Amino acid sequence: MLTFLDFKKETDSGKLRNVYYIAALDNYFVSKAGEILREKLFGSKNIRDNFFLKYADESQLQEIIDLNCNFSSLFSENKVIIVKRCEKFSRKLDELFEHFKNPSGDSHLMFVFDKDFVSEKKLDGKKLDDGNEFFDFSDLPDRAIKELVRGEFESRGFSINDDELDFFIESVPQNFDLIINEIEKICSYDFEDSEKVINKELILKLIGYDEKYSPEELVHAIITKDSRRSSQILDNLLNSAGMNEIYLLSILSNYYMDLITFKTKGVDKLDIRALQNKYKMWYNRAKFAKNYHKEININALETSISKILETDMKLKTSMLDSKILMASLVEELVNS
């Protein structure tokens, strides 16, 4: 599928589509895309008079159709309409695609779907009847991620070198809404150094844990069957550092996916750069998986990943105590 980078390249060159179909996991790139369209069409991303944000679970499809056809602005010939949660239109997809083959000429619409829904319906990579196709706003090449994150720091007046940048990226879940929250938290720190350089100590401090009680140390304690140490680290992360349980679970999931990747023949012979480029492993996580994948067998890894997914579902859908769920998960992982 086309990516956010393709979207930006198109709009930078002056090519604007009337309809965009987007697969996304978070709001960051959708919000950026809205800013880019407002900048191009209205002259400033801050102008919102002709900008409409709708949600498919709160709006009927006919309301979107009417907004596209009937609204005429007193201030601009153009309007931007972003509709989120469009998977809620699942029973009316054919009607949606059919109607918006020929949108109003002054409309620029962006229909945003959940990435998993797009994959399930096999819409990713598929050309629609009007030749349109989905953009994937859920993933970027590693180099683009680094440039984007560095740019977010620099736009706030801070600098960060490559090692600290890699460490920051691999220390947070690959969700850009969360990444931006962490950047804002770090950049809100009261710096004594007027140069405002981001270092590893500050990242550790403001992300909320110290190196001896990190998620990496937790995974190491689990795969070496150190039940006492793993419980100690988990308690520190959740109760002392105050880390969110879903946030921590996302990090654990990344480590376990890295470990299972090393069960593929020939992967352990690849260098760190190849692991990052081909398997999207950031440097420290790649080193960890390379060093410790032999300490856990494939059956235990598959069982562990299954338990992580089960816990993720319970955290998001049940009323069970989240800290108890995480403690139970860690115990099960140690015994896998």
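Look a little higher up for the structure.
Within each chain, residues carry numbers counting from 1 in the order of the written sequence. In keeping with the predicted nature of the model, local features appear solely for residues at pLDDT of at least 70, side-chain atom pairs appear and are counted solely at 80 or more, and the whole-chain, interface and lining totals rest on all residues. Only hydrogens and water are removed before side-chain values are computed, so all heavy atoms of the structure are retained for them.

Q: Got a minute to help me understand the nonpolar core in this structure?
A: Across soluble globular proteins, you tend to see nonpolar side chains buried next to one another. Note on terminology: a nonpolar core comprises buried Ala, Val, Leu, Ile, Met, Phe, Trp, Tyr and Cys residues joined through side-chain atoms within 4.5 Å. Only protein chains enter the area calculation, which uses a 1.4 Å probe; residues under 20% of their type maximum are buried, those over 50% are exposed, and those in between are partly exposed. Formed by 80 residues in total, the largest nonpolar core has its most connected members in F7, F137, V149, F153, F168 and Y256. Starting at the N terminus, helices and strands are each numbered in turn, a helix being any DSSP run of H or I of at least four residues and a strand any DSSP run of E of at least two. When residues in this core are grouped by element, the largest group, nine residues, is from helix α12 (residues 245-261). Beyond its immediate stretch of four places on either side in the chain, F137 contacts T3, F4, F7, I22, A23, A24, F29, V30 and A33. F89, L93, F113 and L128 belong to the second-largest nonpolar core, a separate cluster that totals 25 residues. The contact definition used throughout considers only heavy atoms, calling two residues in contact when any of these lie within 4.5 Å.

Q: Which parts of the structure should I look at to understand the packing of helix α10 (residues 215-223) against helix α11 (residues 227-240)?
A: If you want to describe how two helices pack, look at the angle between their axes and the distance between the axes. The geometry of α10 relative to α11 is characterised by a closest axis approach of 8 Å and an angle of 155 degrees between their N-to-C directions. Between α10 and α11, the angle is such that the two are roughly antiparallel. Judged by the sense of rotation from one axis to the other, the crossing of α10 with α11 is left-handed. Contacts from P215, E217, L218, A221 and I222 of α10 reach α11 at R229, S230, I233, L234 and L237. Fitted lines through C-alpha atoms serve as axes, helices being fitted only where they are in contact, and the angles separating the N-to-C directions of these axes extend from 0 to 180 degrees. Convention used here: angles under 35 degrees read as roughly parallel, angles over 145 as roughly antiparallel, angles from 65 to 115 as roughly perpendicular, and any remaining angle as oblique. The handedness criterion is simple: a crossing whose near helix is rotated anticlockwise from the far helix by less than a right angle is left-handed, and one whose near helix is rotated clockwise is right-handed.

Q: I keep staring at the pattern of salt bridges and nothing clicks. Help me out?
A: Close approach of charged atoms lets side chains of opposite charge pair. The term salt bridge refers to a pairing of a side-chain nitrogen on Lys or Arg with a carboxyl oxygen on Asp or Glu at a separation within 4 Å. Tallying each qualifying case throughout the model produces 18 salt bridges. Close ionic contact of D136 with K115 constitutes a salt bridge, the shortest N to O distance being 3.3 Å. With D136 in strand β6 (residues 134-136) and K115 in helix α5 (residues 115-120), this residue pair connects regions lying 21 residues apart in the sequence. Here the salt bridges do not stand alone but share partners, grouping K32, E35, E152, R156 and E184 into one network.

Q: What is the right way to look at unusual backbone geometry in this model?
A: Peptide bonds are mostly trans, and most non-glycine residues show a negative phi. Of note in this structure, R85 is not a glycine but carries a positive phi near 60 degrees. According to the relative accessible area criterion, R85 is partly exposed, its value standing at 35%. Unlike most non-glycine residues, K225 shows phi in positive territory, near 60 degrees.

Q: I keep staring at the side chain of E164 and nothing clicks. Help me out?
A: Within the secondary structure, E164 is located in helix α7 (residues 162-171). Working convention for charge: Lys and Arg count positive, Asp and Glu count negative, and His plus the chain ends are omitted. No salt bridge is formed by the buried E164, whose closest oppositely charged neighbour, K200, lies at an N-O distance of 7.3 Å. Side-chain polar atoms of E164 contact the side chain of N161, separated by 2.9 Å. Residues adjacent in sequence count toward polar contacts only when both atoms are side-chain atoms; beyond that, a polar contact is any pair of N or O atoms within 3.5 Å, and within protein one must be able to donate a hydrogen and the other to accept it.

Just geometry here; none of it tells us what the structure is for.
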